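Listed below are the residues making up each chain.
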Amino acid sequence: MSTLKALTHLLAKPHRLKALLSYGHKGYLNSIGWFTAFDKKQAVDGKGRALPWVTYSFIDFIRERINKEQDIFEYGSGSSTIFYAERAKSVTSVEHDKGWFDRVKNTSPGNAEMIFCQLEKDGEYAQKAKLLNRKFDIIIVDGRDRVNCCKHSIDALSSHGVLVLDDSEREVYEPARAFLKQNGFKELSFSGISPGLFYEKATSVFYKADNCLEI
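Everything numeric here is computed off the predicted structure, so don't read it as measured data.

A. The packing of helix H9 (residues 146-153) against helix H10 (residues 174-182), seen in detail. Axis separation between H9 and H10 bottoms out at 8 Å; the angle between their running directions is 15 degrees. Considering their axes alone, H9 and H10 lie roughly parallel with respect to each other. As H9 runs across H10, the sense of the crossing is right-handed. On the side of H9, the interface is formed by Val147, Cys150 and Lys151, while H10 contributes Pro175, Ala176, Phe179 and Leu180. The residue makeup of the contact of H9 with H10, split by class, is 6 nonpolar, no polar and 1 charged.

B. Focus on the packing of helix H8 (residues 124-131) against H9. Closest axis-to-axis distance for the H8/H9 pair is 8 Å, and the angle between their directions is 20 degrees. Regarding the angle of H8 to H9, the classification is roughly parallel. As for the relative orientation of H8 and H9, their crossing is right-handed in sense. Seen from H8, the contacting residues are Tyr125, Ala126, Gln127, Ala129 and Lys130; seen from H9, they are Asn148, Cys149, His152 and Ser153.

The rules behind the values
- Residues numbered from 1 in each chain as written.
- Predicted model: local features only at pLDDT ≥ 70, side-chain atom pairs only at ≥ 80, totals over all residues.
- Heavy atoms only, no water.
- Axes fitted to C-alpha atoms, helices over the stretch in contact; angles between N-to-C directions.
- Helix = DSSP H or I, 4+ residues; strand = E, 2+ residues; numbered from the N terminus.
- Parallel < 35°, antiparallel > 145°, perpendicular 65-115°, else oblique.
- Left-handed = near helix turned anticlockwise from the far one by under 90°.
- Contact = heavy atoms within 4.5 Å.
- Nonpolar A, V, L, I, M, F, W, Y, C, P; charged D, E, K, R; others polar.

Purely spatial values, then, with no claim about function.
Next up, the structure:
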């Protein structure tokens, strides 16, 4: 729908316009800090504190389940690195974008390690979690080449580890979902909007029994 058509449609229903205008200072969008994230074009809450760029429903779920005994690996870095590092024992992030890597590496917390890696399909980037010869409690796939990242990452999970796939509703990531389920993982999906964005998406947790998130 074009902007003009959308505006015309909205003006034809003034009660909707009145409700939308009121949400700038009250209501759900204001309470979760969506307007702050929209204005700043960053994944932050209403007080400007870092958030991962995932669904709010997943943020609410994971916020109190991360603890200082957990090691996290994430594909992709940024405000999510800060959010997870504030709560976990350690965070290791792999980043393929050199410009972004150089921008954020010096702002990462002391318990966060940033790794730059060239992006090649099903190459070192996708295999980075297992190539470190460590085990992680939570692996978050929110970067590039996500299907291959998921396939390789199960070898880097601890015995009670979980894998998180963002934008899991996308058809292009269906092979990753199918692969994980074939390998004994169950899926818990969190749908809704994310900081500063207003389209529906999903963030899924793949887990087994006796997992670190107590699902």
